[in-house]
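Survey of secondary and tertiary structure
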Amino acid sequence: QVQLVESGGGLVQAGDSLRLSCVASGRAFTTYAMAWFRQAPGEERDFVAAIKWNDIDTYYADSVKGRFTISRDNAKNTVFLQMDNLQPEDTAVYYCAFRPPGRPGIMSSLMYPFWGQGTQVTVSS
């Protein structure tokens, strides 16, 4: 059974940093793309960042470019999201997601069959 578990969320002030982690179990994910999405209250789930299996190709939403960094450790089935200079508009529940190889649309939540339960990030001004 596939399971993704996020951690690292919390309450911080504007300008602070957080590092989210997502550990997967149940199968090997070395060829999977890994991504982070977020959902604020009353909003749709939005793409934040993604990284391909090769640990080289990364993708970011314009709103987080230059502040967030995605990385992965294939040996540990883990994806990370380093979030720097956090702002109140970053407040949301953050979800990790894994996508099998060969699917299009790395920024589309519809292409990701495996999801974590989410971790809350709250940034106060």
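Here goes a summary of the coordinates provided. Keep in mind that this is a model prediction, so the values were computed, not measured.

**Quick notes on the pattern of salt bridges**
The final tally for this structure, using the stated rule, is three salt bridges. A salt bridge links Lys-65 to Asp-62; the nearest nitrogen and oxygen atoms lie 3.2 Å apart. Comparing Lys-65 with Asp-62 shows no difference in burial state: the two are exposed. One connected set of salt bridges, linked through shared partners, spans Arg-38, Arg-67 and Asp-90.

**So, the sheet that holds strand 3 (residues 18-25)**
In space, the four strands of this open sheet follow the order 1-3-8-7, with antiparallel pairing throughout. Of all the strands in the sheet, just strand 1 (3-7) and strand 7 (68-73) have a single pairing partner and so form its edges. Strand-to-strand twist in this sheet, taken as the mean axis angle between neighbours without regard to direction, amounts to 15°. Sheet analysis places strand 3 next to strand 8 (residues 78-83), joined by six bridges and oriented antiparallel. Residue pairing for strand 8: Leu-18 is matched across the bridge by Met-83.

**Here we look at unusual backbone geometry**
Located in the positive-phi region is Asn-77, a residue other than glycine, with phi close to 50°. Judged by relative accessible area, which is 13%, Asn-77 ranks as buried. Phi at Asn-85 takes a positive value of approximately 50°, unusual for a residue other than glycine. Within the element layout of this structure, Asn-85 appears in the loop between strand 8 and strand 9 (92-99).

**Describing the side chain of Arg-99**
When you line up the elements, Arg-99 lands in strand 9. Comment: no salt bridge for buried Arg-99; closest opposite-charge side chain is Asp-57, at 9.3 Å. Within polar-contact distance, the side chain of Arg-99 engages the backbone oxygen of Arg-103 at 2.7 Å. At 3.5 Å, the side chain of Arg-99 forms a polar contact with the backbone oxygen of Pro-104. Apart from the residues within four sequence positions on either side, Arg-99 is in contact with Tyr-32, Ala-33, Pro-104, Gly-105, Ile-106, Met-111, Tyr-112 and Pro-113.

**Quick notes on the state of the cysteines**
All told, the structure shown has one disulfide when counted by the stated rule. Each disulfide pairs two cysteine sulfurs, and for Cys-22 the partner residue is Cys-96, the sulfurs being separated by 2.0 Å. Because the torsion about its S-S bond is 45°, the bridge between Cys-22 and Cys-96 counts as right-handed. Of this pair, Cys-22 sits in strand 3 while Cys-96 sits in strand 9, and the two are 74 residues apart along the sequence. Residue class for Cys-96 comes out buried when judged on its relative accessible area of 0%.

Rules and cut-offs
Residues numbered from 1 in each chain as written. Predicted model: local features only at pLDDT ≥ 70, side-chain atom pairs only at ≥ 80, totals over all residues. Heavy atoms only, no water. Salt bridge = Lys/Arg side-chain N within 4 Å of Asp/Glu carboxyl O. Buried < 20%, exposed > 50% of the residue type's maximum accessible area, 1.4 Å probe, protein only. Pairing = 2+ DSSP bridges. Helix = DSSP H or I, 4+ residues; strand = E, 2+ residues; numbered from the N terminus. Axes fitted to C-alpha atoms, helices over the stretch in contact; angles between N-to-C directions. Lys, Arg positive; Asp, Glu negative; His and termini not counted. Polar contact = N/O pair within 3.5 Å; in protein donor to acceptor, adjacent residues only side chain to side chain. Contact = heavy atoms within 4.5 Å. Disulfide = S-S within 2.5 Å.

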